[in-house]
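Remarks on the overall topology
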Amino acid sequence: MEFTVNQIAAMLGGEVSGNGNEKINMLAKIQDAKQGQIAFLSNPKYEQYIYTTQATAVIVKKDFVPKKEVVSTLILVEDPYISFTRLLEEYHKLISFQKSGVEQPSFMSESATIGKDFYRGAFSYIGNNVKIGDGVKIYPHAYVGDNVVIGNHCILHSGVKIYADTKIGNHCVIHSGCVIGSDGFGFAPQEDGSYKTIPQLGTVIIEDHVAIGANTVIDCATLFGDATIVHQGVKLDNLIQVAHNVEIGKNTVIAAQAGVSGSTKIGENCIIGGQVGIAGHLVIANHTGLGAQAGISKSIKEEGQKLMGSPAYDYGEYYKSYAVFKKLPDFQHRLRELEDKVKKSENTSLSVD
Amino acid sequence: MEFTVNQIAAMLGGEVSGNGNEKINMLAKIQDAKQGQIAFLSNPKYEQYIYTTQATAVIVKKDFVPKKEVVSTLILVEDPYISFTRLLEEYHKLISFQKSGVEQPSFMSESATIGKDFYRGAFSYIGNNVKIGDGVKIYPHAYVGDNVVIGNHCILHSGVKIYADTKIGNHCVIHSGCVIGSDGFGFAPQEDGSYKTIPQLGTVIIEDHVAIGANTVIDCATLFGDATIVHQGVKLDNLIQVAHNVEIGKNTVIAAQAGVSGSTKIGENCIIGGQVGIAGHLVIANHTGLGAQAGISKSIKEEGQKLMGSPAYDYGEYYKSYAVFKKLPDFQHRLRELEDKVKKSENTSLSVD
Amino acid sequence: MEFTVNQIAAMLGGEVSGNGNEKINMLAKIQDAKQGQIAFLSNPKYEQYIYTTQATAVIVKKDFVPKKEVVSTLILVEDPYISFTRLLEEYHKLISFQKSGVEQPSFMSESATIGKDFYRGAFSYIGNNVKIGDGVKIYPHAYVGDNVVIGNHCILHSGVKIYADTKIGNHCVIHSGCVIGSDGFGFAPQEDGSYKTIPQLGTVIIEDHVAIGANTVIDCATLFGDATIVHQGVKLDNLIQVAHNVEIGKNTVIAAQAGVSGSTKIGENCIIGGQVGIAGHLVIANHTGLGAQAGISKSIKEEGQKLMGSPAYDYGEYYKSYAVFKKLPDFQHRLRELEDKVKKSENTSLSVD
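Analysis parameters
- Residues numbered from 1 in each chain as written.
- Chains lettered and ligands numbered in written order.
- Predicted model: local features only at pLDDT ≥ 70, side-chain atom pairs only at ≥ 80, totals over all residues.
- Heavy atoms only, no water.
- Least-squares fit on C-alpha atoms with pLDDT ≥ 70 in both.
- pLDDT = per-residue confidence, 0-100.
- 1 Å grid on protein atoms, 1.4 Å probe; cavity = no way out; pocket = protein on both sides within 12 Å on 5 of 7 lines; lining within 4 Å.
- Points joined across faces, edges and corners; volume = space filled by probe spheres on them.
- Helix = DSSP H or I, 4+ residues; strand = E, 2+ residues; numbered from the N terminus.
- Contact = heavy atoms within 4.5 Å.
- Buried area = accessible area lost by both parts, 1.4 Å probe.
- Salt bridge = Lys/Arg side-chain N within 4 Å of Asp/Glu carboxyl O.
- Polar contact = N/O pair within 3.5 Å; in protein donor to acceptor, adjacent residues only side chain to side chain.
- Nonpolar A, V, L, I, M, F, W, Y, C, P; charged D, E, K, R; others polar.
- Buried < 20%, exposed > 50% of the residue type's maximum accessible area, 1.4 Å probe, protein only.
- Pairing = 2+ DSSP bridges.
- Arc of directions from axis to C-beta.
- Axes fitted to C-alpha atoms, helices over the stretch in contact; angles between N-to-C directions.
- UniProt positions renumbered as here; feature names shortened; annotations may be inferred.
- Parallel < 35°, antiparallel > 145°, perpendicular 65-115°, else oblique.
- Phe/Tyr/Trp six-rings, centres within 6.5 Å; stacked < 30°, edge-to-face > 60°.

Description of the relation of the copies chain C and chain B
- Mapping chain C onto chain B calls for a screw motion: a turn of 119° about the axis and a shift of 0.0 Å along it, with 0.2 Å RMSD after fitting. Each copy turns onto its partner about a three-fold axis.

As structure tokens, this is what we get:
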């Protein structure tokens, strides 16, 4: 992957000052950049580096006037930071989706169908009747069970496990060790104290633009025709538990190690902190914010609340109570003192009477 | 997989009303069912659907009298819900255990022995001296280390990792990404502040009818001849941590993301909530119930208790205290007010004297 | 693997009493030991077993005088417990590093380079430009992405996933299902409520003598040239979350299911309990101790503190407050009683006036 400074400038709509034919193969910070790399200067604090950097090119603000000689070729743009971020995004896309072709040995059922620009890593497994769209990258050791449907431009990183019948939309990124479609935790207690397995026959539906972190688990729904649903734009961090029949609303974000129990419906645009636990069969309103380690035991009906504690309630109220909690030993002392005084005054009164 | 209505009726001990030769290949809810599917009607609320459903067959109570014409073939039974559940179970068993044969490439040591009706998925690995019983299904990417013993009718889902020397009983289901037999977390502090690894040389024993969720980890015991033991009928959810030398009693159920520290012995028929943490070297009595996110720092000796909080104590007491916790800022205010009043009255008394 | 008693005695610097040519192939406890095994006697409580054990050899203190006949060959040493521990360590090392050679099929890019005494399990994957040192053991289903560098004497257990560009030092042990280098959780909120992915372009650096438990996840840093760093001697238990740009200081130990949020720097020689959650962008001083389930929301500047609670503060203070928390319903009662009394006394005073 290599571009000329001119090509990059054209992409950014910027103007070149210097040799536009030089080759760029990497991005870097201005203070670390080496030959063949491109950096940016946005914060004036870093201006000193532009006079010493070995970067082949530097993106600068279009009104930048050097105070000394600059060796690097300059690309002049409106906003160097935004331009550099655009480059990073493009680079990331290139890197993420650069794999292609088929590494052997890999396993694909004859009944599976795949789209264009497909990458299938060594030891990847694609089961019967699987349907996969265009531009999908299946890394080594990924497992795609029978009848799974995957849309376009998805990445399944190494070791992802997708159980049979799962449906995944477009532009989803699923990280290593993530398990989708495992059996929900359903067991019926028997008279002798043992448990009987309740068959888990539903599926999982992952909509478009969903990101799922490493080693996160999403269980399938219990009943036929039902699905655990992760709606469009949801972002799940690592090591999260999503139980059977859960529904996670559009654009909701959940931090690492949180857990959502069975049949709970989480609204849209919620922000859920790390290690939060949500009980089963609840409804969480849109735009709910849950502080890290909160424990949710009741449905949250009003939108836009911020909660904290276990069981959780209003964030601000929790912190006020917690501030007093820290003083409880002092309270105990003061309460005893008051009791003594009041008792003494009662006795005094009595003796006075 | 296809059965006639007559075959299904015979299995359920029911009577057929209509064409018993029709073919059934799927189960469904009465409101969603299509041709070739079988549904049930138990709750009278749903009776309307029996007159419009496209289900090929419907299981109904034997005294059911239709108010309008019913197109579907009927199977008349004592209890339609129980009958349908039985069908679900049979179906689930068929689905779960339907895989058979060997997919290539897979790896099996010549010294390994396997039973009948074995499934070995592509890229599965079976090490030296492994012994596997009848009807075992080893999905793709599962790893079975040297000397492992597995009983009959077990399922190891895709990507399960079983370290060397582990013993697994009969009728166990182990979900994707589960790790069994990894090193216990044992390190001896040295004078220079570093740690020396304490070799973990024990094993793990999983008894019969144990279910283990996705990405759960069970460490091996520390000493030779010792084992971390998961007793018969235990059900473990996803992402659970079971440390070295732990013992989990018969029919105990543990919800997702709970963790049990080293050498703790959990009794029988306990119900342990999600994200519970249990410290090491404790004994937890039979029939203990632990609320979600509870933290257990002491042994629980009396059977049948329900605990909550961190550190946990009686469930009801915890909630009473927590109710007051929420009012602590108000308490603070009232305490100050009392102090003021008492001080004032003291001053008054003094001035009176 | 088989040694004579003489060979073992030589290794331990001990003296043999009995037949030194007998063969030993296993270690065991004195009460369980069988022929071909070696045990030890340290605690006098266990002396009875030395007269009945079937162990081929027993390690005893050099001044041990049997009261009855002993059949086993004896190895006389200064400290039998320490000697046995040394044997365990040697045995563990032998076992852990005994695998060698290449099992097929496995995948290694032609551009990868490897050292001596290498083990590459079936279905392991080694990407482009990977550099691996001497004595490294890559178990089945391990994935080593492009450009990864691994030092000497490391073990990657079955199913470990190392993303591209990660650097791992010497003498590291990484357990099954561990994921290193997955994308950090970075998403920029957009005006329409959706999120845009912030490319995660940094790497992970794991220094020497680091142990990482099963299914633990370590995310890569966000920016080019930055790294999430796990310093020398760190020990991480299972199912831990380490977010992007985190730094974990030398010899710090973290128990299972703890989570460290983005950009937090943890000092050296800290001991962090299970299920602890640490917020992002904090600095944790050296020698900090965090109790299980603690929630850390502020930086900890003073070294050597022990904290507890969520949000966490001084361990002892927390427990004092928690002791009062349990009595809060009683407090409520006492507070009301006081209020009544004071009110009554006010009224009395008033009526007196």
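This is not the end of the story, as more comes after the structure.
Here we look at the confidence of the model for chain A
- For chain A, the mean per-residue pLDDT works out to 94, and 98% of the residues sit at or above 70.
- Scored as a complex, the prediction yields pTM 0.91 and ipTM 0.90.

A short note on empty space enclosed by the protein
- Overall, the coordinates contain 3 cavities of 30 Å³ or more when judged by the stated rule.
- By volume, the largest cavity is sized at about 710 Å³.
- Of all the secondary-structure elements, those providing two or more residues to the lining of the largest cavity are β38 (306-309) and α4 (315-325) of chain A, β38 (306-309) and α4 (315-325) of chain B together with β38 (306-309) and α4 (315-325) of chain C.
- Computed from the structure, the second largest cavity encloses a volume of approximately 150 Å³.
- Lining the second largest cavity we find 18 residues, and of these G159 of chain A, G159 and K161 of chain B together with G159 and K161 of chain C sit closest to its centre.

Some details on the interface of chain A and chain C
- Chain A puts 57 residues into the contact, and the matching count from chain C is 65 residues.
- Roughly 4800 Å² is buried in total at the junction of chain A and chain C, and carbon and sulfur atoms are behind 63% of that figure.
- Summed over the shared surface of chain A and chain C, the result is 4 salt bridges.
- Here chain A is connected to chain C by 28 residue pairs in polar contact (both at pLDDT 80 or more).
- For the side of chain A that touches chain C, the secondary-structure elements that each account for two or more residues are β4 (26-27), α3 (80-96), β27 (235-236), β30 (253-254), α4 and α5 (328-352) of chain A.
- The biggest single contributor to the side of chain A that touches chain C is α5 of chain A, with 10 residues.
- Its residues assigned to classes, the side of chain A that touches chain C comprises 30 nonpolar, 16 polar and 11 charged.

Points about the pairing of strand β7 (residues 73-77) of chain B
All names here are of chain B.
- Across the 5 residues that make up β7, a large majority, 5, are buried.
- Alternating residues of β7 divide into T73, I75 and V77 and L74 and L76, and every residue in both groups is buried.
- When strand β2 (residues 15-17) meets β7, the two strands line up antiparallel, connected through 3 bridges. Bridging from a neighbouring strand, V16 pairs with I75 of β7.

Re α4 of chain A
All names here are of chain A.
- Taken as a whole, α4 has its buried residues at Y318, S321, Y322, V324 and F325. Down the axis of α4, the buried side of the element spans an arc of 155°, and every buried residue falls inside it.
- For α4, the capping residue at the N-terminal end is D314, with a side-chain oxygen 3.1 Å from the backbone nitrogen of G316.

Overview of the interface of chain C and chain B
- Counting from both sides, the interface comprises 57 residues of chain C and, opposite them, 65 residues of chain B.
- At the boundary of chain C and chain B, one finds 4 salt bridges.
- The partner of E339 of chain C in a salt bridge is R334 of chain B, with the nearest N and O atoms 2.7 Å apart.
- Counting every contact that joins chain C to chain B gives 28 residue pairs in polar contact (both at pLDDT 80 or more).
- Those elements that provide at least two residues to the side of chain C that touches chain B are β4 (26-27), α3 (80-96), β27 (235-236), β30 (253-254), α4 and α5 (328-352) of chain C.
- With 10 residues, α5 of chain C is the single largest residue contributor to the side of chain C that touches chain B.
- For the side of chain C that touches chain B, the residue count by class is 30 nonpolar, 16 polar and 11 charged.

Comments concerning the sheet that holds β2 of chain B
Residues and elements named next belong to chain B.
- Judged by pairing direction, the sheet is mixed, and its 5 strands sit side by side in the order β2-β7-β6-β5-β4 without closing on themselves. Among the strands making up the open sheet, the edge pair consists of β2 and β4 (26-27).
- Alignment of strand β5 (residues 37-40) against strand β6 (residues 57-61), held across 3 bridges, turns out to be parallel. Considered in β6, the bridge of A39 is made with V58.
- Against the sheet, helix α1 (residues 5-12) contacts β2, β5, β6 and β7, and its axis sits at roughly 10° relative to β7.

Considerations on the side chain of S109 of chain A
Residues and elements named next belong to chain A.
- If you trace the backbone, S109 turns up in the loop between β9 (107-108) and β10 (119-120).
- At 2.8 Å, the side chain of S109 and the side chain of S111 are in polar contact.
- In contact with S109, not counting residues within four places along its chain, are I126, G127, N128 and N129.

Points about the UniProt feature "active site" (unreviewed entry) in chain A
Residues and elements named next belong to chain A.
- Within the UniProt annotation, "active site" (unreviewed entry) is assigned to H244.
- On the secondary structure map, H244 appears in the loop between β28 (241-242) and β29 (247-248).
- Contacts of H244, omitting those with residues within four sequence positions, involve G184, F185, G186, Q200, D219, C220, A221, T222, T228, G262 and S263.
- A distance of 2.9 Å separates polar atoms of two side chains, one belonging to H244 and the other to Q200.

Considerations on unusual backbone geometry
- Omega for the peptide link from Q104 of chain A to P105 of chain A comes to 0°, which places this bond in the cis form.
- Residue position: P105 of chain A is located in the loop between β8 (101-102) and β9.
- With a phi angle near 55°, H171 of chain B is a residue other than glycine that sits in the positive phi range.
- Even without glycine at this site, H209 of chain B takes up a positive phi of about 55°.
- Here H209 of chain B lies in the loop between β23 (203-206) and β24 (211-212).
- Look at H209 of chain B and you get partly exposed, because its relative accessible area is 38%.

Let's talk about the sheet that holds β4 of chain A
Residue and element names in this part refer to chain A.
- Ordered by their spatial adjacency, 5 strands build an open sheet running β2-β7-β6-β5-β4, and the pairing between neighbours is mixed. Among the strands making up the open sheet, the edge pair consists of β2 (15-17) and β4.
- The sheet contacts of helix α1 (residues 5-12) involve β2, β5 (37-40), β6 (57-61) and β7 (73-77), and relative to β7 the element is tilted by about 10°.

With respect to the packing of α1 of chain A against α3 of chain A
Residues and elements named next belong to chain A.
- Orientation of α1 relative to α3, taken along the N-to-C sense of each, is 110°, at an axis distance of 10 Å. As the angle between them shows, α1 and α3 are arranged roughly perpendicular. Residues I8, M11 and L12 of α1 touch α3, and the partners they reach there are S83, R86, L87 and E90.
- A class-by-class count of the residues in the contact of α1 with α3 yields 4 nonpolar, 1 polar and 2 charged.

What to know about the packing of aromatic side chains
- Tallying each qualifying case throughout the model produces 48 aromatic pairs over all chains.
- Here F40 of chain A and Y81 of chain A contribute two aromatic rings whose centre-to-centre distance is 6.0 Å and whose plane-to-plane angle is 55°, an arrangement assigned as tilted. Taken together, the residues span a long stretch of sequence, with F40 of chain A in strand β5 and Y81 of chain A in helix α3 at a distance of 41 residues.
- With 6.2 Å between their ring centres and 85° between their planes, Y313 of chain B and Y322 of chain C make a pair best called edge-to-face.

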